[in-house]
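# A look at the structure
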Amino acid sequence: MSSETYVIVFEGNVTEGHKTAAVRSQLARLLKVDKKKVAELFSGKRIILKRTSDKSEAVKYGKAL
């Protein structure tokens, strides 16, 4: 059994070609959080969203983000 841990880290960067307001709104809906929490996510700090030992779960989160 593998002891690897996958960590989903959010840095608050918006990919070129996407509008920040739209990204924030979609992220709030995806994570089911309010605007205050979304503002914290875009603070410029690295934030761990999830830790998992399941690689497929980590990939799923990565694709969703």
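First things first, this report covers the structure right here in the doc. Bear in mind the structure is a predicted one, so any value in this text is a computation, not a measurement.

A few words now on the overall build of the protein chain. Of regular secondary structure, the protein chain possesses three helices and two strands. In sequence order, the protein chain lays out its α and β elements as β-α-α-β-α. Counting only C-alpha atoms and orienting by the principal axes, one finds that the protein chain spans roughly 40 × 20 × 20 Å. Burial analysis of the protein chain (65 residues in total) assigns 15% to the buried set. Considering only contacts in the protein chain between residues 6 or more positions apart, those separated by 24 or more positions represent 68%. One way to put it: in the protein chain the 14 positive side-chain charges average out to a point 5 Å from where the 7 negative ones average out.

Glancing now at the packing of aromatic side chains. Throughout the structure, instances matching the rule amount to one aromatic pair. Ring plane angle 80 degrees and centroid distance 5.3 Å describe the contact between Phe10 and Phe42, whose orientation is recorded as edge-to-face. Taken together, the positions of Phe10 in strand β1 (residues 6-10) and Phe42 in the loop between α2 (35-41) and β2 (47-52) put the pair 32 residues apart, joining distant regions of the chain. Look at Phe10 and you get buried, because its relative accessible area is 10%.

In this fold, Glu57 is placed in helix α3 (residues 55-64). What makes Glu57 partly exposed here is its relative accessible area of 22%. Considering only alpha carbons, one finds Glu57 and Ala39, 18 residues apart in sequence, at a separation of 25 Å. Once you skip the residues sitting within four places of it in the chain, Glu57 turns out to touch Lys50 and Thr52.

Taking 1.5 Å of rise per residue, 12 residues should cover 16 Å, and helix α1 (residues 20-31) covers 16 Å from first to last C-alpha, within 8% of that figure. Lys32 lies just past α1 and shows a positive phi near 55 degrees.

With that out of the way, let us pick up unusual backbone geometry. A positive phi is found at Lys32, a non-glycine position, where the angle reads about 55 degrees. For Lys32, a relative accessible area of 76% puts it in the exposed group.

Taken as a whole, this structure holds three salt bridges when the rule is applied. Glu11 is the partner of Arg46 in a salt bridge, and the nearest nitrogen-oxygen pair spans 3.6 Å. Residue Arg46 is found in the loop between α2 and β2, and its partner Glu11 is found in the loop between β1 and α1; the two are separated by 35 residues along the sequence. On the accessibility criterion, Arg46 (60% relative accessible area) is exposed. One salt bridge connects Lys37 with Glu40, and the closest N-O pair in it is separated by 3.7 Å. With a gap of three residues between them, Lys37 and Glu40 both fall in helix α2, about one helical turn apart. Accessibility expressed as a relative area gives 39% for Glu40, which makes it partly exposed.

Criteria and thresholds
Residues numbered from 1 in each chain as written. Predicted model: local features only at pLDDT ≥ 70, side-chain atom pairs only at ≥ 80, totals over all residues. Heavy atoms only, no water. Helix = DSSP H or I, 4+ residues; strand = E, 2+ residues; numbered from the N terminus. Buried < 20%, exposed > 50% of the residue type's maximum accessible area, 1.4 Å probe, protein only. Contact = heavy atoms within 4.5 Å. Lys, Arg positive; Asp, Glu negative; His and termini not counted. Charge placed at Lys NZ, Arg CZ, Asp CG, Glu CD. Phe/Tyr/Trp six-rings, centres within 6.5 Å; stacked < 30°, edge-to-face > 60°. Expected span 1.5 Å × (residues − 1). Salt bridge = Lys/Arg side-chain N within 4 Å of Asp/Glu carboxyl O.

Note that every value here comes from positions in space, so none of it alone points to a role or purpose.
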